[in-house]
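Inside the fold
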Amino acid sequence: MNKRVLITEPVIPSVIQRLENDFTVEVGERGRFNNEQALVEAIPKYHGLLPMLSNPITNKVIAAGKNLEIIANYAVGYNNIDIEAADKHNVAVANTPDVLTDSCAEFTMAILLAVSRRLVEAQEYLLDGQFESWDPMGFLGMELQGQTLGIIGMGRIGTAVARRARAFGMQIQYHNRNRVSTDIENELDARYIESVEELARTSDVITLHCPLTESTRHLIDADILALMSNKAILLNTARGPVVDEAALANALHNGTIGGAALDVFEEEPKVHPKLQNAPNCLLTPHMASASYSTREAIGMMAADAISGILNGKPPSEIPN
Ligand code: DGY
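On a predicted model such as this, the values are computed, not experimentally measured, just so you know. (Residues numbered from 1 in each chain as written. Predicted model: local features only at pLDDT ≥ 70, side-chain atom pairs only at ≥ 80, totals over all residues.)

Some thoughts on the site of the ligand
- Close to the ligand lie Leu-53, Ala-75, Val-76, Gly-77, Leu-100, His-286, Ala-288 and Ser-289.
- When grouped by side-chain class, the residues that make up the shell around the ligand number five nonpolar, three polar and no charged. (Near = placed C-beta within 6 Å. Nonpolar A, V, L, I, M, F, W, Y, C, P; charged D, E, K, R; others polar.)

Re the UniProt feature "domain: D-isomer specific 2-hydroxyacid dehydrogenase catalytic" (unreviewed entry) in the chain
- The feature "domain: D-isomer specific 2-hydroxyacid dehydrogenase catalytic" (unreviewed entry), as annotated in UniProt, sits at residues 5-316 in this numbering.
- In residues 5-316, helix accounts for 37% and strand for 14%; the two terminal C-alpha atoms are 21 Å from one another. (UniProt positions renumbered as here; feature names shortened; annotations may be inferred. Helix = DSSP H or I, 4+ residues; strand = E, 2+ residues; numbered from the N terminus.)

A few points about helix 11 (residues 245-253)
- Three or more residues of helix 11 are buried, namely Glu-245, Leu-248, Ala-249, Ala-251 and Leu-252. Summarising the axial view, the buried residues of helix 11 lie within an arc of 160 degrees, below the 170-degree limit, and thus occupy one face.
- Of the surrounding elements, those touching the buried residues of helix 11 are helix 10 (222-227), strand 10 (233-236), strand 11 (259-262), helix 12 (273-276) and strand 12 (281-283).
- Two residues or fewer past helix 11, Gly-255 is found with a positive phi of approximately 75 degrees. (Buried ≥ 20, exposed ≤ 12 C-beta atoms within 10 Å, placed from the backbone. Arc of directions from axis to C-beta. Contact = placed C-beta atoms within 7 Å.)

Considering the pairing of strand 6 (residues 148-152)
- Within strand 6, four of the five residues are buried, leaving the element largely enclosed by the surrounding structure.
- Here strand 6 pairs with strand 7 (residues 171-175) via five bridges, running parallel. Bridge pairing in strand 7 places Thr-148 opposite Gln-171.
- What joins strand 6 to strand 7 is helix 7 (residues 156-167), and the crossover it makes is right-handed. (Pairing = 2+ DSSP bridges. Right-handed = clockwise from strand over helix to strand, strands pointing away.)

A short note on the UniProt feature "domain: D-isomer specific 2-hydroxyacid dehydrogenase NAD-binding" (unreviewed entry) in the chain
- The residues that UniProt annotates with the feature "domain: D-isomer specific 2-hydroxyacid dehydrogenase NAD-binding" (unreviewed entry) are residues 109-288.
- In residues 109-288, the share of helix is 34% and the share of strand is 15%. The end C-alpha atoms are 10 Å apart.

Remarks on the nonpolar core
- Counting residues in each nonpolar core, the largest one holds 96 residues, and the members touching the most others are Ile-70, Ala-260, Ala-302 and Ile-306.
- Sort the elements by how many residues they give to this core and helix 13 (residues 292-310) lands first, with eight residues.
- Here this core spans two domains, and each of domain 1 (4-97 + 292-317) and domain 2 (101-283) adds at least three residues to it. (Core = buried A, V, L, I, M, F, W, Y, C linked by C-beta atoms within 7 Å. Domains from an automatic or database assignment.)

Some remarks on unusual backbone geometry
- Following Glu-268, the chain continues into Pro-269 via a peptide bond in cis, with omega recorded as 5 degrees.
- Within the fold, Pro-269 resides in the loop between strand 11 and helix 12.
- Positive phi, close to 55 degrees, is recorded for Arg-118, a residue that is not glycine.
- One can find Arg-118 in the loop between helix 5 (101-116) and helix 6 (119-127).
- One non-glycine residue, His-218, lies in the positive phi region at around 55 degrees.

Here's the deal with the sheet that holds strand 3 (residues 48-50)
- Read across the sheet, five strands follow the order 2-1-3-4-5 without closing on themselves; strand pairing throughout is parallel. Every interior strand has two partners, whereas the edge strands, strand 2 (24-27) and strand 5 (92-94), have only one. Averaged over all adjacent pairs, the angle separating strand axes in this sheet is 15 degrees, with direction ignored.
- Examined bridge by bridge, strand 4 (residues 70-72) and strand 5 share three bridges and lie parallel to one another. Of the residues in strand 5, the one forming a bridge with Ile-71 is Val-93. (Axes fitted to C-alpha atoms, helices over the stretch in contact; angles between N-to-C directions.)

What to know about the sheet that holds strand 7
- Across the sheet, seven strands lie side by side as 8-7-6-9-10-11-12; this open sheet has parallel pairing. The two strands at the open ends of the sheet, each matched to only one other strand, are strand 8 (191-192) and strand 12.
- Where strand 9 (residues 205-208) lies against strand 10, four bridges are found, and the strand directions are parallel. From the neighbouring strand, Leu-208 faces strand 10, where its bridge partner is Asn-236.

Here it is as structure tokens:
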């Protein structure tokens, strides 16, 4: 009998085809598996699961997966999966490091430029019919050249952002659990900052690239925002709960900081109402990895991990 694989949402067709070569594959409808109960009911008949980051792969779901051998998340982040429960039930877990690094780093630069040069406001002004003549005082923004970029989380994506920011003439400083190699520090002329407080005090832009863990939850709170300059910009393409959204909304409305761009939210897909009308705040629907080639590569990597495990490869050989 063919082993069975559940892909919880429609993904790029070549990914589905790759798995169909070896397995019986079912694909869920958009959003159907964003709740635990739907997963608990469906999971017993599958050997492989390819979930989205919006699917809660809890202890209850994993325990119900009597035949489950592998969960290959369609994402690099895996805070939606109870890793301890997977270990306990001998279910392998894979994610997709590397393949989305460039896409996420490019996207970070895109939202940084959009906020620093006030592009969203500018388009609204133009479409509202307010552009009557060239304005010497209109839309004065922040030039990136010479500004200091503070990176929290200097892994693959943080480092790729730093490389791009250097090309724009930015100075790099970073905070990370561990210091990166001297080679990387020298290449980027990057300064290691031991505390988030010091990073907040001394950065013109802060960008978040750390995973969501108990120690990074609300890492950016009212106290940290109060240390930032009133021109500073905060970017979050990591995970929503790393930022206390209510505190950020207040900081934007009070002019404590100059702007923000958020691709991720504390309770996705909900967006804090006070962020929706906050000044100079760009909000996007968790799309940092959304280029065709990257989404295909993510899917292929997850599919390969599933094929590997279901065909008998040891879990130590799959990416995580
Ligand atoms: C991931 O893969 O974790 C990203 O959040 C996708 O944008």
